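# Observations on the model geometry
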Amino acid sequence: METILVVDDEKNYLLVMAALLSEEGYEVLTAESGPEALESLNDGVDLILTDMTMPRMDGIELLTRVKEARPELPVIMMTAYGTVEKAVEAMKKGAFDYITKPFQNEDLKRDIRKALEMGRVMKRNQELSQALQERYSFGNIIGKSKPMLDIYRLIEKVADTRANVLITGDSGTGKELIAKAIHYNGPRGQGPFIAVNCSALAETLLESELFGHEKGAFTDARASRKGRFELAHGGSLFLDEVGEMSPNLQAKLLRVIQDRKFERVGGVETIQVDVRVIAATNRELKREVAAGRFREDLFYRLNVVHLHVPPLRERPDDLPLLVAHFIRKFGGESRLDRKIKISPEAFRLLYSYHWPGNVRELENALERAVILCSGDTILPEDLPEELQEIKTEGDAERPPRELDEALLADLMPRGLDLNATLEAVERKLIAQALSRTNNIQAHAAELLGIKKNVMQYKMKKYGFL
């Protein structure tokens, strides 16, 4: 049963409308003023039918307040003959329709049916959009490739625990976003999230930054100061580029993680903290441990749960979602709030590029493109020069090679399932190309007429890597 909220300052009119709509099978709520209507507004209301002229808050103001709270909720305005101009104004502000008093009951019922149908469609679209967002993203992390879906599942599992997490991956892959997703989706989400870049400060400054210091502990220490561990109490501490930390600080960090207590620089008081440590690095820490540059015991303390973020070139399936997200983001931030799209030629360049700077580089490239594009479409010339150069690297369309029937018969499996057949063909061609080029990926990619990053993606897909 759908619920209609009727708003009018004439009590007798409310009684008549309630009886009429109840006979049609609707649940009817009534309010004698705009403020009372706002108090009655909840997620169960499917339609608002409101008079235009009321004391305290007129229909236009009520419409504006309703659209701020629930943009998808349809509103029908009722107005006397002499105030049609106000009704037109209401339509411009988002009203579904208006009906003039006195009206025919059948006309009102027809308008209500149309409005409720539109409301159902808008609600369904909103649910689908939210479902798509939840399926392919986690907070601000975006992607639908298998590696990213695996990361979402791991975040969900680890967020509710107290386990320390080590996030590895190249610069620009979004390691801090993942750290925030772990923090804010767990029980510590109401506590602080404190981040510190271990590569940005000298050893002495980093020690003070992490553990704080007492007044007079060193030159310029004119007052006592809390460190990041104290500030993160009850929450999470994100140690970015932890692989850059000196051996001396590694030992002190190990003690804090083990004992959950420390002293400030120059202090004697032991401070107890409850902090979850999430660390990130673009280094191969196992190699650093083997080389003696990183403590093995600290590595195992940090690496309770390991989460690796693949570079963008290894997850081309995520590129369309990321491109759409950044264009929407920067188009909305621009002065004219433009709706920007991207030309197929420009997208082809984005797809062909190897993205050494990963998602961060893609974000910067698209911010630049949104700013520079003169119309509503991003063209190749709006992209950075290194992407435009791809056009001149001899990647013109190659004529397709002819495949005789014997070759097709050899490639085709016994059961003719189109997807399985195409995958079998692709897998065999990749295997043959690798065999002919002594497993040199670049040469095999050239032989097949595809980019090296695409070749790597397909090799992983079919188990060659």
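So, here's what we can say about the structure. (Residues numbered from 1 in each chain as written. Predicted model: local features only at pLDDT ≥ 70, side-chain atom pairs only at ≥ 80, totals over all residues. Heavy atoms only, no water.)

## What to know about unusual backbone geometry
The omega torsion of the bond from Lys101 to Pro102 falls at -10 degrees, within 30 degrees of zero and hence cis. Turning to its location among the elements, Pro102 is positioned in the loop between strand 5 (97–101) and helix 5 (105–136). Non-glycine residue Arg56 carries a positive phi angle of around 70 degrees. Summarising the element assignment, Arg56 is placed in the loop between strand 3 (47–51) and helix 3 (59–69). Positive phi, normally seen in glycine, also occurs at Arg260, with a value near 60 degrees. Structurally, the position occupied by Arg260 is in the loop between helix 10 (247–259) and strand 11 (261–263). Using a relative accessible area of 30% as the deciding quantity, one classes Arg260 as partly exposed. (Helix = DSSP H or I, 4+ residues; strand = E, 2+ residues; numbered from the N terminus. Buried < 20%, exposed > 50% of the residue type's maximum accessible area, 1.4 Å probe, protein only.)

## Looking at the pattern of salt bridges
Throughout the structure, instances matching the rule amount to 32 salt bridges. Its salt-bridge partner being Lys11, residue Glu32 comes within 3.8 Å of it at the nearest N-O pair. Of this pair, Glu32 sits in the loop between strand 2 (27–31) and helix 2 (34–40) while Lys11 sits in helix 1 (residues 11–23), placing them 21 residues apart in sequence. Residue class for Glu32 comes out partly exposed when judged on its relative accessible area of 34%. Take Lys11: its relative accessible area is 52%, and that puts it in the exposed class. Between Asp150 and Lys146 there is a salt bridge whose closest N-O contact spans 2.9 Å. In this pair, Asp150 and Lys146 are both assigned in helix 6 (residues 146–159), four residues apart and thus about one turn of the helix distant. Lys146 gets classed as exposed once you look at its relative accessible area, which sits at 60%. If you follow the salt bridges from partner to partner, you end up with Glu244, Arg283, Glu288 and Arg293 in one network. (Salt bridge = Lys/Arg side-chain N within 4 Å of Asp/Glu carboxyl O.)

## Topic: the packing of aromatic side chains
Applying the stated criterion across every chain, the model contains nine aromatic pairs. Looking at Lys101, its charged tip hangs above the ring of Tyr13, at a distance of 4.4 Å from the centre. (Phe/Tyr/Trp six-rings, centres within 6.5 Å; stacked < 30°, edge-to-face > 60°. Lys NZ or Arg CZ within 6 Å of the ring centre and 35° of its normal.)

## Side note on the packing of helix 8 (residues 203–211) against helix 10
At a minimum axis separation of 10 Å, helix 8 and helix 10 run at an interaxial angle of 10 degrees. Viewed along their axes, helix 8 and helix 10 adopt a mutual orientation that is roughly parallel. The chirality of how helix 8 crosses helix 10 is right-handed. Here Glu203, Leu206, Glu207 and Phe211 of helix 8 lie close against helix 10, whose contacting residues are Asn248, Leu249, Lys252, Leu253 and Val256. (Axes fitted to C-alpha atoms, helices over the stretch in contact; angles between N-to-C directions. Parallel < 35°, antiparallel > 145°, perpendicular 65-115°, else oblique. Left-handed = near helix turned anticlockwise from the far one by under 90°. Contact = heavy atoms within 4.5 Å.)

## Digging into the sheet that holds strand 4 (residues 75–80)
Pairing is parallel across the open sheet formed by five strands, whose spatial order is 2-1-3-4-5. The open sheet is flanked by strand 2 and strand 5, the only strands paired with a single partner. Here the strands of the sheet are splayed against their neighbours by 20 degrees on average, with no regard to which way each runs. The sheet contact formed by strand 1 (residues 3–7) and strand 2 spans five bridges and is parallel. (Pairing = 2+ DSSP bridges.)

## Re the environment of Leu47
Position of Leu47 among the secondary structure elements: in strand 3. Along the backbone, Leu47 and Ile4 are 43 residues apart, and their C-alpha atoms lie at a distance of 4.8 Å. Ignoring any residue separated from it by four or fewer positions in sequence, one finds Leu47 in contact with Thr3, Ile4, Leu5, Leu73, Pro74, Val75, Ile76, Ile112, Ala115 and Leu116.

## Section: the sheet that holds strand 10 (residues 236–240)
What the five strands build is an open sheet, ordered 9-10-13-8-14; its pairing is parallel. A single partner strand is all that each edge strand has here, and the edge strands are strand 9 (193–197) and strand 14 (305–308). Mean inter-strand twist for the sheet, computed between neighbouring axes without regard to direction, equals 20 degrees. Both strand 9 and strand 10 contribute to a ladder of five bridges, which runs parallel. Opposite Asn197, over in strand 10, you have Asp240 as the bridge partner.

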